[in-house]
Structures are given as C-alpha cells and as structure tokens.
Amino acid sequence: MTQLTGQPATDDDVVHLTVPADGGYLGVLRTATAGLAARLQFALDEIEDLRIAVDEACAMLLAIATRDAELECRFSVTEDALTVEVTVPTVRGAALPGESSFAWKVLTALTTAAAAESAQGRATISLLTRRSAGY
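In this text, all values refer to a predicted model and were calculated from it rather than measured experimentally.

Participant: Before we go on, may I ask you to explain the pattern of salt bridges in this structure?
Facilitator: Pairs can form between side chains of opposite charge once their charged atoms are near each other. Scanning all chains against the criterion turns up four salt bridges. Glu-48 is the salt-bridge partner of Arg-51, the closest N and O atoms lying 3.3 Å from each other. Taken together, the positions of Arg-51 and Glu-48, both in helix α2 (residues 44-62) and three residues apart, correspond to about one turn of that helix.

As structure tokens, this is what we get:
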C-alpha cells in the first residue's frame, strides 16, 4: 500500500475509533473527522470535503465487509495534515472499486492523496488531506 503521511505523528497524535460496520455509525466517524480537522484549523470547506471523503471511503468498505464486521479508523494528526485510514475485514473475493470509478474520483478530488489496499482478507483506504497554505 502507498504510505500516505504528513510529518511523523507521535502516539499522542493518533486517534483510533472502532465502530460496527453499519451505515448507522458513520456519523461518529464524520464527526471525529470534522473535530480533528477543526483542531488543525482547516477551512470550513476543507473540513466538509474531508467529511464527504471519509463517508465515501467507508461506504466503499461497507459494501465488501463481512457480516458483523467492525470498521477500524485511524486518524493521524500532524502540524498541517490529517491522515485517515479506514479498514474492514472483507468477504472472500471482494474487490474495491477501481481507480477509474466515480467513487474513487470523488476520493481523489476531495483529498490531497488517496490509496487503497486489499490483502489477507482486509481492505484499507487511506486519505491524506493537507491544510491550505495561509492558515
């Protein structure tokens, strides 16, 4: 998987959230995303873009998650960037949408960088968003 990182994060700058792999819990991840981006003083439109990107990434993963799975989300906070890694166990033979899919184009349009990996029965989507200059 392509490693998406800002500057190295310390253990204090990493937040882990685990929620049931159910659309009803995505609001928790969207709220955490917005709160951490606000802490970095992202502009309101950057926060909203990142919330949408996290929601889209989670929707992609929920579509291929095993029954009764948990969605694991890791937020890494650096001085000017937020990296979000979302992972879920997948059903056998599951595949993430291709890079030419609409869902993937949404992710890359709303973030600085995006990457995906599917291996050993798990799928992970990583999103990196850097704060705009001037903040």
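Participant: I tried to follow unusual backbone geometry on my own but got confused; where do I start?
Facilitator: Excluding glycine, residues mostly carry a negative phi; peptide bonds, for their part, are mostly trans. Even without being a glycine, Gln-41 presents a positive backbone phi close to 65°. As for its position among the elements, Gln-41 is in the loop between α1 (26-39) and α2. For Asp-68, which is not a glycine, the phi torsion comes out positive at approximately 60°. In this fold, Asp-68 is placed in the loop between α2 and β2 (70-77). Relative accessible area serves as the criterion here: at 73%, Asp-68 is assigned to the exposed category.

Participant: Would you mind going over the packing of α2 against helix α3 (residues 102-110) with me for this structure?
Facilitator: Where α2 meets α3, the closest approach of the two axes is 9 Å, and the angle between their N-to-C directions is 150°. Viewed along their axes, α2 and α3 adopt a mutual orientation that is roughly antiparallel. Like other packed secondary-structure pairs, α2 and α3 cross with a definite hand, here left-handed. Contact with α2, carried on its side by Asp-49, Ile-52, Ala-53, Glu-56, Ala-57 and Met-60, involves Ala-103, Trp-104, Val-106, Leu-107 and Leu-110 of α3 and no other residues of that element. By residue class, the composition of the contact of α2 with α3 is nine nonpolar, no polar and two charged.

Participant: Looking at this structure, how should I read the environment of Ala-37?
Facilitator: With respect to the element layout, Ala-37 can be found in helix α1. Overall, Ala-37 belongs to the buried group, its relative accessible area being 0%. Spatially, the C-alpha atom of Ala-37 lies 8.3 Å from that of Ala-81, the residues being 44 residues apart in sequence. If near-sequence neighbours (up to four positions away) are discounted, Ala-37 is found in contact with Phe-42, Ile-47, Leu-50 and Leu-82.

Participant: Please explain the side chain of Thr-90 as it appears in this structure.
Facilitator: Locating Thr-90 in the fold gives a position in the loop between β3 (81-89) and α3. Discounting chain neighbours no more than four positions away, the residues touching Thr-90 are Ile-64, Ala-65, Thr-66, Gly-121, Arg-122 and Ala-123.

Participant: When you look at α1 in this model, what are you seeing that I'm missing?
Facilitator: An α-helical turn contains 3.6 residues, so any two residues separated by three or four positions project in the same direction. The end-to-end C-alpha distance of α1 is 20 Å, a good match for the 20 Å that 14 residues give at a rise of 1.5 Å each. Turning to α1, its buried residues are Leu-26, Leu-29, Ala-32, Thr-33, Ala-34, Leu-36 and Ala-37. Buried residues in α1 make contact with β1 (14-20), α2, β2 and β3.

Participant: Looking at this model, I keep getting lost on the nonpolar core. Mind explaining?
Facilitator: In summary, soluble globular proteins display a tendency toward joint burial of nonpolar side chains. Counting 37 residues, the largest nonpolar core has Leu-29, Leu-61, Leu-71, Leu-82, Leu-107 and Ile-125 as its most contacted members. Counting only elements with at least two residues in this core, the list comes to α1, α2, β2, β3, α3 and β5 (122-130). The element best represented in this core is α2, accounting for eight residues. Contact partners of Leu-61, with chain neighbours within four places excluded, come to Leu-71, Val-86, Thr-87, Val-88, Leu-96, Ala-123, Thr-124 and Ile-125.

Participant: What am I meant to see in the packing of α1 against α2 here?
Facilitator: As a packed pair, α1 and α2 sit with axes 9 Å apart at the nearest point and diverge in direction by 145°. Between α1 and α2 the crossing geometry is right-handed. Each of Leu-26, Leu-29, Arg-30, Thr-31, Thr-33, Ala-34, Ala-37 and Ala-38 in α1 lies in contact with α2, whose residues at this interface are Ile-47, Leu-50, Arg-51, Val-54, Asp-55, Cys-58 and Leu-62. Grouping the constituent residues of the contact of α1 with α2 by class yields ten nonpolar, two polar and three charged.

What counts as what
- Residues numbered from 1 in each chain as written.
- Predicted model: local features only at pLDDT ≥ 70, side-chain atom pairs only at ≥ 80, totals over all residues.
- Heavy atoms only, no water.
- Salt bridge = Lys/Arg side-chain N within 4 Å of Asp/Glu carboxyl O.
- Helix = DSSP H or I, 4+ residues; strand = E, 2+ residues; numbered from the N terminus.
- Buried < 20%, exposed > 50% of the residue type's maximum accessible area, 1.4 Å probe, protein only.
- Axes fitted to C-alpha atoms, helices over the stretch in contact; angles between N-to-C directions.
- Parallel < 35°, antiparallel > 145°, perpendicular 65-115°, else oblique.
- Left-handed = near helix turned anticlockwise from the far one by under 90°.
- Contact = heavy atoms within 4.5 Å.
- Nonpolar A, V, L, I, M, F, W, Y, C, P; charged D, E, K, R; others polar.
- Expected span 1.5 Å × (residues − 1).
- Core = buried A, V, L, I, M, F, W, Y, C linked by side-chain atoms within 4.5 Å.

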